[in-house]
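Here is what each chain is made of, one letter per residue.
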Amino acid sequence: MLGMKSKLSVRSTIGAGMRVQGPCSFQDSLQIDGAVLGDVTAEGGQPTMLVIGEGASVEGAISADHVVIGGTVIGSVLARELLELQAKARVQGDVRYKSLEMQQGAVIAGQLQPQLTPPPLPTEPAPAAERREPTEPTLD
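Residues numbered from 1 in each chain as written. Predicted model: local features only at pLDDT ≥ 70, side-chain atom pairs only at ≥ 80, totals over all residues. Heavy atoms only, no water.

Engineer: Explain the sheet that holds strand E8 (residues 57–59) here, please?
Structural biologist: Strands in a sheet are paired, the pairing made by backbone hydrogen bonds, and the direction either parallel or antiparallel. Across the sheet, six strands lie side by side as E2-E5-E8-E10-E12-E14; this open sheet has parallel pairing. The open sheet has two free edges, formed respectively by strand E2 (19–21) and strand E14 (107–109), since each of these has just one partner strand. On average, adjacent strands in this sheet sit at an angle of 5 degrees to one another, irrespective of strand direction. In the sheet, strand E12 (residues 90–92) pairs with E14 via three bridges, with the strands oriented parallel. Its bridge partner lying in E14, Val91 is registered against Ile108. (Pairing = 2+ DSSP bridges. Helix = DSSP H or I, 4+ residues; strand = E, 2+ residues; numbered from the N terminus. Axes fitted to C-alpha atoms, helices over the stretch in contact; angles between N-to-C directions.)

Shown next, in the form of structure tokens:
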């Protein structure tokens, strides 16, 4: 795959020719090569990966740490870490991600929303007694 930082082995598969209806949740990793009609959500405290194969389709929201799309998604996409869009990826819905890798040919019909790290909290201003006001220069 494109820029996979850590190799995760796929633990669960929805094979080609399979059709799953209803919401799906998984732990670790899931490969979809068939069709899912419903949301697909990663659970658990470990890094998660969702791979949607070239001939696969999902009609529903998807959410995982690392999302690889090679097929079709109709619904919102949340990639908490990395989103990889392969050349034949087709996404119809809003997409949120921390990092994005997109091959030429991938199509997104929706908003791209990078999830930036929040800015640091502003520091407290010094109390008035400690602040130094500029003074006017004096002529002696």
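Engineer: Looking at this model, I keep getting lost on the side chain of Ser29. Mind explaining?
Structural biologist: Along the polypeptide, Ser29 turns up in strand E4 (residues 29–32). We classify Ser29 as buried; its relative accessible area is 1%. Of the polar contacts made by the side chain of Ser29, one reaches the backbone nitrogen of Arg11; its length is 3.0 Å. Aside from chain neighbours lying at most four places away, what touches Ser29 is Ser9, Val10, Arg11, Ser12 and Met49. (Buried < 20%, exposed > 50% of the residue type's maximum accessible area, 1.4 Å probe, protein only. Polar contact = N/O pair within 3.5 Å; in protein donor to acceptor, adjacent residues only side chain to side chain. Contact = heavy atoms within 4.5 Å.)

Engineer: Got a minute to help me understand a nonpolar patch on the surface in this structure?
Structural biologist: On the surface, a cluster of nonpolar side chains totalling about 240 Å² of accessible area is made up of Leu100, Met102 and Leu112. With respect to the helices and strands, Leu100 occurs in strand E13 (residues 95–102). (Patch = residues over 30% accessible without salt bridge, like charges linked within 9 Å, V, L, I, M, F, W, Y side chains within 5 Å. Areas by Shrake-Rupley, 256 points an atom, 1.4 Å probe, with all protein chains shown as cover. Salt bridge = Lys/Arg side-chain N within 4 Å of Asp/Glu carboxyl O.)

Engineer: Explain the nonpolar core to me, please; I cannot follow it from the model alone.
Structural biologist: Proteins that are soluble and globular tend to have nonpolar side chains buried together. Ranked by internal contacts, the top residues of the largest apolar core, which has 28 residues, are Ile32, Val40, Leu50, Ile62, Ile69, Val77 and Leu83. Contributions of two or more residues to this core are made by strand E3 (24–26), E4, strand E6 (40–42), strand E7 (49–52), strand E9 (62–69), strand E11 (77–85) and E13. With residues up to four places along the chain from it excluded, the contact list for Ile69 reads Ile52, Ile62, Val77, Leu83, Glu84, Leu85, Gln86, Ala89 and Val91. (Core = buried A, V, L, I, M, F, W, Y, C linked by side-chain atoms within 4.5 Å.)

Engineer: Which parts of the structure should I look at to understand the side chain of Asp28?
Structural biologist: Examined against the element boundaries, Asp28 turns out to sit in the loop between E3 and E4. Within the structure, Asp28 has its side chain in polar contact with the side chain of Arg11 (distance 3.2 Å). Every residue in contact with Asp28, bar those within four places of it in the chain, is listed here: Arg11, Gln46, Pro47, Thr48 and Met49.

Engineer: How should the pairing of E4 be read in this particular structure?
Structural biologist: Successive side chains on a regular strand alternate, one facing one side of the sheet and the next facing the other. The side-chain alternation of E4 yields two buried faces, one formed by Ser29 and Gln31 and the other by Leu30 and Ile32. Here strand E1 (residues 12–14) pairs with E4 via three bridges, running parallel. Within the sheet, the bridge partner assigned to Ile14 lies in E4 and is Ile32. Relative to E7, E4 is paired through four bridges, and the arrangement is parallel. Residue pairing for E7: Leu30 is matched across the bridge by Leu50.

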